[in-house]
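Tertiary structure, described
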Amino acid sequence: MATDSTPAPARITVLISGTGSNLQAIIDSRNTAALPNTVIVRVVSDRKDAYGLKRAEENGVPTTYHGILPYKKKYPDDSSEKKFEEARRAYDSDLAKLILIDRPDIVVCAGFMRILTTEFLNPVKESSIPIINLHPSLHGDLIGAGCIKRAWKEFEEGKRKKTGVMVHYVIAEVDMGEMILQQEVEMEGCVTLEELEGRIHGVEHGLIVEGTRRVVEKGRTGKEGA
Ligand SMILES: Nc1nc2c(c(=O)[nH]1)N[C@@H](CN(C=O)c1ccc(C(=O)N[C@@H](CCC(=O)O)C(=O)O)cc1)CN2
Ligand SMILES: NCC(=O)N[C@@H]1O[C@H](COP(=O)([O-])[O-])[C@@H](O)[C@H]1O
């Protein structure tokens, strides 16, 4: 409830597909100096078994499972060129309708493992709602899914010594939207992939909260508070 002095809390919708450790970081940061005056209005997962749904439920956050299967059954065309294109577009169109009902001020992709089509991006953009994504690579370095494993392979081959994490705006071109902030992660000294994953996740949890705060702040004041 807004009062004359305190604005209404910024409304956050989070999209997930899995464990939800980054969602947990956002949950834990609500209404702290790290993420002041915020409320998570919904968590949406494309995977029914995503542990992040449980994290949300345990913290009183509304959840929705939005699965692709009914769309693949309705639009079964998996021909080589189609690749369930119609199913994906119908899925994304309904996903946009679903999240717009909550009137979010920001949509955060926190381990959401689907490429979003313009059927989702356009309606959300028309509502002037920013969409941001957490990505385990530096801007313009590695693109798409499986970046941590790819960075590790190149490290083992002596082709790289560092990787990183970024938070960026989501546009149609995957992982190429304007960077909001990023942080390098040194790979030297890592003996296993799991060790690198631990270093990366440790950086992610801070970056996703700060990236969300900056974009929320920009929505409030017009300036991204760095
Ligand atoms: N249009 C955009 N969509 C998404 C972006 C983006 O920047 N633009 N960021 C991603 C997150 N992401 C990397 O950060 C990412 C996630 C998933 C994939 C991918 O190839 N997914 C496959 C597999 C889907 C499945 O498992 O069923 C796919 O969608 O075919 C690439 C990048 C969020 N989306
Ligand atoms: N391309 C997107 C991508 O790879 N995202 C990655 O998914 C994981 C989600 O972890 P979480 O479910 O524990 O938050 C995170 O490592 C995030 O960087």
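Small disclaimer: the values here were computed from a predicted structure and weren't measured. (Residues numbered from 1 in each chain as written. Chains lettered and ligands numbered in written order. Predicted model: local features only at pLDDT ≥ 70, side-chain atom pairs only at ≥ 80, totals over all residues. Heavy atoms only, no water.)

For the rest of this paragraph, the subject is the overall build of the protein. When its secondary structure is counted, the protein shows 7 helices and 7 strands. The order of helices and strands in the protein, counted from the N terminus, is β-α-β-α-β-α-α-β-α-β-α-β-β-α. Against the compact-globule benchmark of 17 Å for 226 residues, the protein has a radius of gyration of 18 Å, which places it among compact chains. A total of 226 residues make up the protein; the buried ones form 46% of that total. Within the protein, residue pairs in contact and separated by at least 24 positions form 65% of the contacts whose partners lie at least 6 positions apart. When the accessible surface of the protein is split by element, carbon and sulfur atoms take 52% of a total near 11,300 Å². Charged side chains of the protein number 31 positive and 34 negative; the gap between the two group centres comes to 3 Å. (Helix = DSSP H or I, 4+ residues; strand = E, 2+ residues; numbered from the N terminus. Rg over C-alpha atoms; globule rule 2.2 N^0.38 Å. Buried < 20%, exposed > 50% of the residue type's maximum accessible area, 1.4 Å probe, protein only. Contact = heavy atoms within 4.5 Å. Areas by Shrake-Rupley, 256 points an atom, 1.4 Å probe, with all protein chains shown as cover. Lys, Arg positive; Asp, Glu negative; His and termini not counted. Charge placed at Lys NZ, Arg CZ, Asp CG, Glu CD.)

Moving on to the layout of surface pockets. Of the voids in this model, the largest pocket is the one considered here, and its volume is about 880 Å³. In this structure, the largest pocket is lined by 34 residues; those nearest its centre are G111, F112, M113, L134 and P136. When the residues that make up the lining of the largest pocket are grouped by side-chain class, the tally is 15 nonpolar, 13 polar and 6 charged. Empty space within the second largest pocket amounts to approximately 280 Å³. (1 Å grid on protein atoms, 1.4 Å probe; cavity = no way out; pocket = protein on both sides within 12 Å on 5 of 7 lines; lining within 4 Å. Points joined across faces, edges and corners; volume = space filled by probe spheres on them. Nonpolar A, V, L, I, M, F, W, Y, C, P; charged D, E, K, R; others polar.)

With that out of the way, let us pick up the site of ligand 2. In the region of ligand 2, 13 residues are neighbours, and G20, S21, N22, H201 and E204 sit closest. Interatomic distance of 3.5 Å between a side-chain N/O atom of H135 and a nitrogen atom of ligand 2. Contacts to ligand 2 include E204, whose side-chain N or O atom sits 2.3 Å from an oxygen atom. For ligand 2, whose unbound accessible area comes to 450 Å², protein coverage reaches 86%. Of all the cavities here, the one that holds ligand 2 is the largest pocket. Among the secondary structure elements, those contributing two or more residues to the shell around ligand 2 are α1 (21-29), β5 (131-135) and α7 (193-221). Here the residues of the shell around ligand 2 sort into 3 nonpolar, 9 polar and 1 charged. (Near = heavy atom within 4 Å. Polar contact = N/O pair within 3.5 Å; in protein donor to acceptor, adjacent residues only side chain to side chain. Sits in = over half its atoms within 2 Å of the grid points.)

This part is about the packing of aromatic side chains. Per the stated rule, a full pass over the model turns up 2 aromatic pairs. Centre to centre, the rings of Y71 and Y91 are 5.5 Å apart; their planes meet at 80°, and the pair counts as edge-to-face. Here Y71 is found in helix α3 (residues 69-74), whereas its partner Y91 is found in helix α4 (residues 85-100), with 20 residues between them in sequence. Taken individually, Y71 and Y91 each receive the classification buried, so the pair is uniform in this respect. Where W152 meets F155, the ring centres are 5.4 Å apart and the plane angle is 40°; that geometry is what we call tilted. One end of the pair, W152, and the other, F155, are both in helix α6 (residues 147-156), 3 residues apart, so they sit about a helical turn from each other. Just as W152 is buried, F155 falls in that class too. (Phe/Tyr/Trp six-rings, centres within 6.5 Å; stacked < 30°, edge-to-face > 60°.)

Looking now at the side chain of R55. Among the structural elements, R55 can be located in helix α2 (residues 51-58). One buried charged residue, R55, forms no salt bridge at all, with the nearest opposite charge on D28 at 6.9 Å. A polar contact is formed between the side chain of R55 and the backbone oxygen of T19, at a distance of 2.7 Å. (Salt bridge = Lys/Arg side-chain N within 4 Å of Asp/Glu carboxyl O.)

Now for the nonpolar core. Judged by nonpolar contacts, the single largest core of 43 residues is most densely connected at V14, I16, I26, V43, V108, I132 and L196. In terms of residues, this core owes the most to one element, α7, which gives 9 residues. What V14 contacts, discounting residues up to four positions off in sequence, is L23, I26, I40, R42, V43, V44, V108 and A110. (Core = buried A, V, L, I, M, F, W, Y, C linked by side-chain atoms within 4.5 Å.)

The next point concerns the side chain of T64. Its place among the elements puts T64 in strand β3 (residues 63-65). The exposure class of T64 is buried, given its relative accessible area of 16%. Reaching out from T64, the side chain makes a polar contact with the side chain of R42 at a distance of 2.9 Å. Those residues in contact with T64, other than ones at most four positions away along the chain, are R42, V43, V44, S45, L53 and L98.

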